[in-house]
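Each chain, letter by letter, is given below.
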Amino acid sequence: MTRCTGIIAEYNPFHNGHRFHIERTKAQNGCRPVIVAMSGWFVQRGDIAAYDPYIRAKWALENGADIVLMLPVMFSMAQAERFAVGGVSLLNSTGIVDSLSFGAECGDAAVLVRMAESLKAESAEYKAALASVLSSGKSFPAARSAALCATLGEENTRILSCANNILGIEYISAIAKLNAPVTPMAVMRTGAQHDSADAENGSMSASAIRTALSGNNTCAIRHAVPQSVYGAVADLNMMNIESLSQAVIYALRRLSPSCIAALPDVAEGLENAIYTACRENSGFAGLTMNIKSKRYTLSRIRRICINALLGITKSDYARHPLPEYIRVLGARREALPLMGEMAKKASLPLVACRADYDKLNQSAKAAFEKDIFAAETAQLNGKAISEFKRKFIIV
């Protein structure tokens, strides 16, 4: 049986750092095939993807990925723990992935495994420190960092101050939680850091690339993305969450405070602030900034608002704790035999066309319909192309 390495990614958009990650992964794993679980129409920070998932999947396949799967929206736009559990579960369900590669500022997976074990233990001292910092009004990420500094020491806290290390630890924790036979593999990040606004040695973060593209400064990204991406973006319209502002405001104003409280990430009376703010603001940016506070990060507020738009609730999360199907977006031509192998070994049904969807059980169909609606919502400003009319990508 072919053994593959998985990657969980957004590719929003695909850039040279992503290509380097795939290349280094293959160099470290003996040139095994790479299967990517990629976010679809909406991404983890609470935003619409810059380009649709079929375009981004094609870029990934053109630059080294062998098969690209779509991470369902109920996981792709969730807080880090659920995002990681969804990605690991999806890759594990293929039956042919036995390792997970991720980029990290710390290139030693063993160090991150030890950190994950320390976090899981959550000593009484750590819990007391966390509660104390949270009571001061800090957000959970900031409070956790401060509590860990007090209990684990400065060196460990320095590791946890880096965004990709934190996500890597979430992946390792998800592997342990699911008892998945998957080995974590860290690839040392180089170049521009996560969400950095600056170019570094010719590299740019996805955030900086999106900023350049939104300002019609396409030339600025020439050396930061593969040629196939650079040649395509000039003819593509980048999607922007502000274009859905009125839809988000409408969706929130339809909800009572108790219905807002039923949305994922809403707690501690936050529904009342949202109920008021959606009546005082008419734009997405203004709305979310108005609600944001020390305790509630902007990403969390953005996810809440978009979940209101998509009709995703805490009950949906409870009914669908893990992915229930494998949505296959595309593959390299030489990886097509691997698709057949995955179809035989997978513990979940593969969905590549309408006929596959029709065979899903009721629960899986309900989950898949959230993805269908997410796609239709993302395309509100133009003609919505049906998920079932999209062609399977082969490069």
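See the structure printed just above.
The structure displayed is predicted, hence computed values, not measured ones. (Residues numbered from 1 in each chain as written. Predicted model: local features only at pLDDT ≥ 70, side-chain atom pairs only at ≥ 80, totals over all residues. Heavy atoms only, no water.)

1. Section: the overall build of the protein
Scanning the protein from N- to C-terminus turns up 20 helices and 10 strands. Compactness check: the protein gives a C-alpha radius of gyration of 20 Å against a globular reference of 21 Å for 395 residues, within 12% of the reference. Seen along its three principal axes, the alpha-carbon backbone of the protein occupies a region of about 55 × 50 × 50 Å. Here the protein, with 395 residues, has 52% of them falling under the buried criterion. Long-range contacts, defined here as pairs at least 24 residues apart, represent 75% of the contacts in the protein between residues at least 6 apart. Accessible surface, the protein: about 17,200 Å² in total, of which carbon and sulfur atoms supply 51%. Taken together, the 43 basic and 35 acidic charged side chains of the protein have centroids lying 3 Å from each other. (Helix = DSSP H or I, 4+ residues; strand = E, 2+ residues; numbered from the N terminus. Rg over C-alpha atoms; globule rule 2.2 N^0.38 Å. Buried < 20%, exposed > 50% of the residue type's maximum accessible area, 1.4 Å probe, protein only. Contact = heavy atoms within 4.5 Å. Areas by Shrake-Rupley, 256 points an atom, 1.4 Å probe, with all protein chains shown as cover. Lys, Arg positive; Asp, Glu negative; His and termini not counted. Charge placed at Lys NZ, Arg CZ, Asp CG, Glu CD.)

2. Some details on the side chain of Thr25
Within the element layout of this structure, Thr25 appears in helix α1 (residues 16-28). With residues up to four places along the chain from it excluded, the contact list for Thr25 reads Thr5, Ile7, Val34, Ser101, Met185 and Val187.

3. A closer look at helix α6 (residues 124-134)
Turning to α6, its buried residues are Tyr126, Ala129, Leu130, Val133 and Leu134. Along the axis of α6, the buried positions cluster into a sector of 130°, meaning they face one direction only. Residues of α6 that are exposed and point more than 90 degrees away from the buried face comprise Ala124 and Glu125. (Arc of directions from axis to C-beta.)

4. A few points about empty space enclosed by the protein
Applying the stated criterion to the full structure yields 2 cavities of 30 Å³ or more. What lines the largest cavity is simply Tyr54, Arg327, Val328, Leu329, Ala352, Arg390, Lys391 and Phe392. In this structure, the second largest cavity spans a volume of roughly 30 Å³. Along its surface, the second largest cavity is lined by Pro72, Met74, Phe75, His320, Leu322, Pro323, Glu324, Tyr325 and Ala367. Partitioning the lining of the second largest cavity into residue classes produces 7 nonpolar, 1 polar and 1 charged. (1 Å grid on protein atoms, 1.4 Å probe; cavity = no way out; pocket = protein on both sides within 12 Å on 5 of 7 lines; lining within 4 Å. Points joined across faces, edges and corners; volume = space filled by probe spheres on them. Nonpolar A, V, L, I, M, F, W, Y, C, P; charged D, E, K, R; others polar.)

5. Details of unusual backbone geometry
Here the residue pair Asn12 and Pro13 is connected by a cis peptide bond, since its omega of 0° sits within 30 degrees of zero. Checked against the element boundaries, Pro13 lands in the loop between β1 (4-9) and α1. Even without being glycine, Cys31 reaches a positive phi, approximately 65°. Considering the arrangement of structural elements, one finds Cys31 in the loop between α1 and β2 (34-39). Positive phi values are uncommon outside glycine, yet Asn216 reaches one of about 60°. Taking relative accessible area as the criterion, Asn216 reaches 69% and is therefore assigned exposed.

6. Overview of the pairing of β1
The buried fraction of β1 is high, at 6 of 6 residues. Residue alternation in β1 divides its side chains into two sets, Cys4, Gly6 and Ile8 and Thr5, Ile7 and Ala9, and both sets are buried. Strand direction decides the pairing type here: β1 and strand β6 (residues 97-104), joined by 4 bridges, are parallel. Among the inter-strand pairings, Cys4 is bridged to a residue of β6, identified as Val97. (Pairing = 2+ DSSP bridges.)

7. What to know about the nonpolar core
By size, the foremost hydrophobic cluster in this structure holds 131 residues, and its most contacted members are Phe42, Ile67 and Met342. What Phe42 contacts, discounting residues up to four positions off in sequence, is Asp47, Ile48, Ala49, Val73, Ser76, Met77, Ile241, Leu244, Ile306, Leu310, Ala374 and Ala378. (Core = buried A, V, L, I, M, F, W, Y, C linked by side-chain atoms within 4.5 Å.)

8. What about the pairing of β6?
For β6, the buried fraction is high: 7 of the 8 residues fall into the buried class. Pairing analysis gives 6 bridges linking β6 to strand β7 (residues 183-188), with the strands arranged parallel. Bridge assignment links Ser101 to a residue of β7, and that residue is Met185.

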